[in-house]
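A look at the structure
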Amino acid sequence: MKLKIAVLAGDGIGPEIMEQGVAVMDAVARKFGHDISYQEALCGAHAIDETGDPFPEDTFRICQESDAVLFASVGDPKYDNDPTAKVRPEQGLLAMRKKLGLFANIRPVTTFDCLVHKSPLKDDIVKGADFICIRELTGGMYFGKKQEPAMNASIGTEDALDTNYYSRPEVERILKVAYQYARQRRRHLTVVDKANVLASSRLWRKVAQEMMTDYPDVTTDFMYVDNAAMRMIQEPTFFDVIVTENTFGDILTDEGSCITGSMGLLPSASTGTSTPVFEPIHGSWPQGKGLNIANPLAQILSVAMLYEYFDLKEEGAMIRKAVQASLDANVRTPEIQVAGGAKYGTKEVGAWLVDYINNN
Ligand code: IPM
Ligand code: MN
């Protein structure tokens, strides 16, 4: 297969993990005879420094002209502590999601038997947990009408506003995606909302209750988000497919990473109306930048999801097999290494995987 990939490495540890992601992608392409071309583009703090725009037009064009985007991470501490900054690196990510129409963010939460002890939860609770969270990605509070902090003369103090807006078609299309995933899995969908309080959640629940009759082969249940946050750490094996709005999905998937044991292990795919994007769920971890200690596996597993998106199942499976083998061989970055285990950095883990793929 011929594929054009836009490479957006971004900030912090982004370029380091991206280097390994591309190396693994290339190794698989060579092995299976695919012709892949890469085009790098600016995004995030990096892009602000060079162009003033966190998602420049050029980058947008390159994404549109590609078959898929491989994205790493954006963010920089110089913006984090400045609430008055006019432009922020994260706006680049949000602009990309909106402009590419990426309304469905697929975040699998799986466990590796050899890493269950890395979870802060008890082994027997996490063991076997395997669910996916489908997060709506272009609506809700992230994109609803906003008012930045400003003086409000009528109340004599500052106020600010975010709006949690959803329309019926936005809810319908994400539920459709969720049901498709549920049908390919254990046929259990949990719709997470806050319908006891929020009007937007009542729309979600209304639409889901209508749609569930079209999917009688799938068990649909409804859970309030506060309860879901608790259930996820109490009994993560309960879940198969979760579907939820943008903000709830953001929060729940960080919680989900504690089941797997490291933020550095969770990949994601974002799909919608234009070019799909594959990215780790973690951020740019500025403290780890340049130290060769960041775990490249979330990026590399995002490459597996990319191959699988194009129905290249064996290619995806090859990457998953290589990742499992590296963990079994204790070829691990420091945050998941066993006590007394050899030191492997970002580069060494990537190189080991490339070697494995070449020889297996
Ligand atoms: C994520 C991130 C982003 C989000 C940030 C970086 C804007 O936390 O992809 O989960 O909140 O969506
Ligand atoms: Mn997040």
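These numbers come from a predicted model, not from an experiment. (Residues numbered from 1 in each chain as written. Chains lettered and ligands numbered in written order. Predicted model: local features only at pLDDT ≥ 70, side-chain atom pairs only at ≥ 80, totals over all residues. Heavy atoms only, no water.)

Looking now at the domain arrangement of the chain. Per the domain assignment, the segments making up the chain are domain 1 (1-100 + 275-360) and domain 2 (110-262). Distance from the C-alpha centre of domain 1 to the C-alpha centre of domain 2: 24 Å. In this assembly, 14 residues from domain 1 lie in contact with 12 residues from domain 2. With both sides pooled, the region where domain 1 packs onto domain 2 buries about 1,200 Å², and carbon together with sulfur makes up 66% of that total. Put simply, domain 1 and domain 2 have 0 salt bridges between them. For the side of domain 1 that touches domain 2, the residue count by class is 6 nonpolar, 3 polar and 5 charged. (Domains from an automatic or database assignment. Contact = heavy atoms within 4.5 Å. Buried area = accessible area lost by both parts, 1.4 Å probe. Salt bridge = Lys/Arg side-chain N within 4 Å of Asp/Glu carboxyl O. Nonpolar A, V, L, I, M, F, W, Y, C, P; charged D, E, K, R; others polar.)

Time to look at the pairing of strand β5 (residues 130-136). Across the 7 residues that make up β5, a large majority, 6, are buried. Relative to β5, strand β4 (residues 104-110) runs antiparallel, the two sharing 7 bridges. Looking across to β5, one finds that Ile106 is bridged to Ile134. In the sheet, β5 pairs with strand β10 (residues 241-244) via 4 bridges, with the strands oriented parallel. Note that in β10 the partner of Ile132 across the bridge is Val241. (Buried < 20%, exposed > 50% of the residue type's maximum accessible area, 1.4 Å probe, protein only. Helix = DSSP H or I, 4+ residues; strand = E, 2+ residues; numbered from the N terminus. Pairing = 2+ DSSP bridges.)

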